[in-house]
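# Observations on the three-dimensional arrangement
Here's the letter readout for the chains.
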Amino acid sequence: MRGPDVTWYLAVAGVLFATGSLGVLLRRSPLIVLLSLEIMLNGANLALIAFARQQGDAEGQIFALAVMAVAASEVVVGLGLIVALARRNVALDVDKLTTLRG
Amino acid sequence: MVAPAWICLLAPLAGALAITLLGRRISRRLAGLLSTGSVAVAFAAALLSFLAALGRDPEDREATSTAWTWLSAGDLEIGLSILVDPLSLVMMLVVTGVGALIVAYSIGYMHDDPEERRFFAYMALFVFSMLTLVLAGNFLILLVGWGLVGLASYLLIGFHHERTSAVAAAKKAFIMNAVGDAAFVLAFFLLIVETGTLDYAGVFGQADELSGTVATLVALGLLGGAVAKSAQIPLHTWLPDAMEGPTPVSALIHAATMVTAGVYLVARMHPLFEAAPSVQDLTAILGAVTLLFAGLVALVQTDIKRVIAYSTMSQIGYMFVAVGIGAYGNGMFHLMTHAFFKALLFLAAGIVIHALLGEQDMRQMGGLRRLLPRTWVFMLVGALALAGMPPLSGFFSKDAIIASSLAAGLAGALLTGIYTFRLIFIVFGGEPSPSVRERLHTEHGEGPVSMTATVAVLGVLAVVGGAVQIAGIWHPFADFLDPIVALEREHLALVEPSVTEDWVTSALAVGLGLAGIGIAWRLYGAGRREVAAPRAVRHALEHKLYFDELYNGLFYWPASGIARAFRSLVEGPLIGGSVTGVSSGARGLGRGVGHAQTGYLRTYALAIAAGVAVLALVFVSVR
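Bear in mind that the values here come from a model prediction, so they are computed numbers and not experimental data.

For the rest of this paragraph, the subject is the overall build of chain A. Across its full length, chain A carries three helices and zero strands. When its helices and strands are written in sequence order, chain A yields α-α-α. For 102 residues, the compact-globule estimate of 2.2 N^0.38 gives 13 Å, and the C-alpha radius of gyration of chain A, at 17 Å, exceeds that figure by more than 25%. Split into buried and exposed, the 102 residues of chain A put 13% on the buried side. Restricting to contacts in chain A with at least 6 residues of sequence separation, those with at least 24 account for 46%.

Here's what the structure looks like:
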C-alpha cells in the first residue's frame, strides 16, 4: 500500500507553505501572523514526512517531531507576547509596533 | 669594623621605615626623637667602626663585606656589598655626626609644622641614602646611593608642597641632577664593557690598562655626575633655588653632606681620574671658576640663605680644586671642616629666620646683635671659620688648599671675607630695623634648647675641628687617609709646598681674608648703604651671570617650542584627528545602516522570504 506519489504530498506542502507565507506577509494582526507561521511549519513538516516515507527510513519523521517541539515553544512565547501586548492596551497591529525602527 | 658599619647603614633606614609605618600612631615629638635617635645610633656605630679601624695596622684598614649576590648577568656578578676604609669612615662620621645634630635641631625648628612626621622620615631616609653612597662597595651600590640622595633632596626641597616655587625648585634640582646621573651611568656602561666588572678593586686594578680615550671618557662621565651633585659650573643653577627647602635641609643636604658627594667621588675614584690627567685638570679648573663665580654672585644676594648657598658652592669649588690637583687629603679635610662651619652658619641663620617668623630678606634685618646675642656669637664663629681666620677650623683646611693652588685660592679668600661679613654686618650690625621690631618674637627668643644646644656643639666643632691637621707640623688626618688616597703616579706628584711656603701663603690668605672683612666693614658695617657699582656689573651679578637665562634659551624654549609645534601640528590633527575620524565614521555608518530597520514586521518577513527565494534559485541553478 504505497498510497499517492510523493509529488502530491509535496504539492500540498507547497500550497500550505505559500498560504502561510502570504498570511505572514499580508495580515496585520499578530495572532493571525502567528497562525500563518504555524501553517508554514506544518507545510515543511509534511514535506519532511513525505520524503521520509519515500526514502523508507525514520530520519525525516524524527526531524518533524523536533520541528513540532520547536513550534510549540515558539507558540508559547509568541502568544505570551501577544497577551502581554493586549494587557497593556497596545494596539494589536504589526504595522503600529514599530519601536525597532532605526 | 664591618659589623658596626652595617648597623650604621641600616639604623636610619629603620628609623625612616618606623616613622612611615607608625604614621599617626606616634606623636610628632616621638617621630622627631625616633629620627634623631636612629641617626645618633648610626653615629655611635660609625664611631665604633672608626675606633676598630684605629686599632688596626694602617695597611689593614680596608674591609669589604658582601651581604649577598644582588644581581648577576652573564659573567657580571654584583654583590650587595659595603666597603669600609678610612675614606668612607671619615664620610660616615661627618654624615652621621652632623646629621644627628641637625635632625635634633629640627625638632625645635619644625615644631609648628603640620607635617613634621613626613619631614623626619625624609631626613632619616636621606641619612640612609648618603651612607649607602659613601659605604658602597661597588659602582652599582654607589649609583643606588647616588640616586637615593637625589630623591631625598627632591622630596625635602619640595617639602612645602603648597608653595609652587618650592615644587619648581625641587623639579629643577632633580632634573639638573638627572643630567649628571646620565653621564655617570654612561661611564659605568663603559667600565662594564672595558673591564667586565663593577667592583672598586677590580676596576681600579685595571685603571692603568684602559686606553687613553676610554679613561678620559669614563672620568668625564664621573665628573659630570660629581659636578651636578656638587653644584659646580655648569650644572650649578639648582643649588640656590634649593634653598626653598626648610633650613635644616639646607644645612644637612645642601651644605654639609650631599653636595660634597662630588668631592668624595673624585677622591674615591682617583685611580680613574689619574688615568685621565686632562679630566683631572678640568676638575680643578671647574672648581676654580665656580669658586670665583659663586663668590662674586654671593656679593649681591639679598636672601640670607642664598648668600650661604653661594658660599657653599664657592667652598666646594675649593674642594674640587684640591681633588683636581691630587690633594685628596686636603680636599677631604676641607670637606669635613666645611660641614661643621657651614652647618653652623645655616642653623644660626635658621634661628634668625625662626625668630623673625620666616623673614629671609637681609634688607629687612639689622641690629640683631643685641636681640639675639647667642646667635650673633655662633654666626660670628661660623663666619670667621668660613673666612679662614686662625685658629678656627677653616684656617687650617682652606690654607692647605690655597697653598697648593695659589691665585684662584687667594682671590677666593678675599671674596669670602667680603661676602661673609657683608651678611654679618647687614644682619647683625646697626640698629634694629622697623621690620625686625615688628616681627621679632620676643617670647621664643632664640628658640628651644634643641636648637641652641646643637648650634653650640657645631660652634665648638667649627672652632676646634681644624686641629686634626696643621700644615707642615701635625697631620694625622692625612696619614689616616693616606693608604687610600695616596697618589699612585709619580708624574702627577704634587709640588709639595714646603713648610715656609705654607706659612707664607697662610699669612697671605689670612691677610686677604682680613682685607675682605675690612672692605665689608667699610661698605656695609660703618656706612650701611648700598654700594654704587657700575649698573651693568651689578645687573649681571644679580642675574647670576645669566646662567638661568642661558639654559632657558638653550633648552627650555626650544623644547617647549617643539612641544607646542607637535601639539598643534601632530597631536591635534593627526592623533586626535584620527580618533575622532574613526568615531564619527562609525557613527555615520551606523546611521546609514539604521535606515534598513523600518520597524515593520512585514518588511522583515519579506526580506527573509526574498532571501530564501534567492538562495533556492541559486541552489537550483548551480546544480
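If you tally the helices and strands in chain B, you get 26 helices and two strands. Once the C-alpha set of chain B is aligned to its principal axes, its extents read approximately 120 × 65 × 55 Å. Counting across all 623 residues of chain B, residues that qualify as buried make up 52%.

This part takes up the confidence of the model for chain B. Residue and element names in this part refer to chain B. With 93% of its residues at a pLDDT of 70 or more, chain B has an overall mean of 83. Averaged over each element, pLDDT in chain B is lowest for helix H22 (residues 476–485) (72) and highest for helix H4 (residues 116–135) (91). Among the prediction metrics, the complex's ipTM stands at 0.81, with pTM recorded as 0.76.

Contacts between the two partners involve twelve residues from chain B and, on the opposite side, ten residues from chain A. Among the elements that take part in the side of chain B that touches chain A, helix H26 (residues 601–622) of chain B stands out by supplying five residues, more than any other. Split by residue class, the side of chain B that touches chain A holds six nonpolar, five polar and one charged.

Let us now look at the environment of B:Met336. All names here are of chain B. In this fold, Met336 is placed in helix H15 (residues 328–355). Residue Met336 is classed as buried on the basis of its C-beta count, with 25 C-beta atoms lying within 10 Å. For the pair Met336 and Thr257, spaced 79 residues apart in sequence, the C-alpha to C-alpha distance is 9.1 Å. Beyond its immediate sequence surroundings of up to four residues, Met336 is in contact with Val90, Val94 and Gly465.

All names here are of chain B. Across the interface, helix H8 (residues 212–229) lies against helix H13 (residues 277–298) with an axial gap of 9 Å and an inter-helix angle of 20°. One finds that H8 runs roughly parallel with respect to H13. For H8 against H13, the interelement crossing comes out right-handed. Here Thr216, Ala219, Leu220, Leu223 and Val227 of H8 lie close against H13, whose contacting residues are Ser278, Val279, Leu282, Thr283 and Leu286. Residues of the contact of H8 with H13, tallied by class, amount to seven nonpolar, three polar and no charged.

Here the amide bond leading from B:Ile233 into B:Pro234 is cis, since omega sits at 10°, within 30 degrees of zero. Structurally, B:Pro234 is set in the loop between H8 and helix H9 (238–241). In the Ramachandran plot, A:Asn89 falls in the positive-phi region, its phi being about 60° despite a non-glycine side chain. Locating A:Asn89 in the fold gives a position in the segment after helix H3 (59–87).

Residue and element names in this part refer to chain B. Counting buried residues along strand E1 (residues 63–73), only zero of its eleven residues qualify, which leaves the element largely exposed. As paired strands, E1 and strand E2 (residues 76–84) are joined by eight bridges and run antiparallel to one another. Within the sheet, the bridge partner assigned to Ala73 lies in E2 and is Leu76. Hairpin connection of E1 to E2: two residues between the antiparallel strands, including Gly74 at a positive phi of 60°.

Residue and element names in this part refer to chain B. One finds Phe126, Leu131, Ala343, Leu344 and Leu347 to be the most contacted residues of the largest nonpolar core, which totals 206 residues. When residues in this core are grouped by element, the largest group, 18 residues, is from H15. Once residues lying within four places of it in the same chain are set aside, the contact partners of Leu131 are Cys8, Leu9, Pro12, Ala42, Met92 and Val95.

Residues spaced three or four apart along an α-helix face the same direction, because each turn holds 3.6 residues. Residue and element names in this part refer to chain B. Along its 21 residues, helix H14 (residues 304–324) runs 30 Å from first to last C-alpha, staying within 8% of the 30 Å computed at 1.5 Å per residue. The buried fraction of H14 is high, at 21 of 21 residues. Trailing H14 by a residue or two, Gly326 shows a phi angle of about 95°, which is positive.

Reading the values: rules and limits
Residues numbered from 1 in each chain as written. Chains lettered and ligands numbered in written order. Predicted model: local features only at pLDDT ≥ 70, side-chain atom pairs only at ≥ 80, totals over all residues. Helix = DSSP H or I, 4+ residues; strand = E, 2+ residues; numbered from the N terminus. Rg over C-alpha atoms; globule rule 2.2 N^0.38 Å. Buried ≥ 20, exposed ≤ 12 C-beta atoms within 10 Å, placed from the backbone. Contact = placed C-beta atoms within 7 Å. pLDDT = per-residue confidence, 0-100. Nonpolar A, V, L, I, M, F, W, Y, C, P; charged D, E, K, R; others polar. Axes fitted to C-alpha atoms, helices over the stretch in contact; angles between N-to-C directions. Parallel < 35°, antiparallel > 145°, perpendicular 65-115°, else oblique. Left-handed = near helix turned anticlockwise from the far one by under 90°. Pairing = 2+ DSSP bridges. Core = buried A, V, L, I, M, F, W, Y, C linked by C-beta atoms within 7 Å. Expected span 1.5 Å × (residues − 1).

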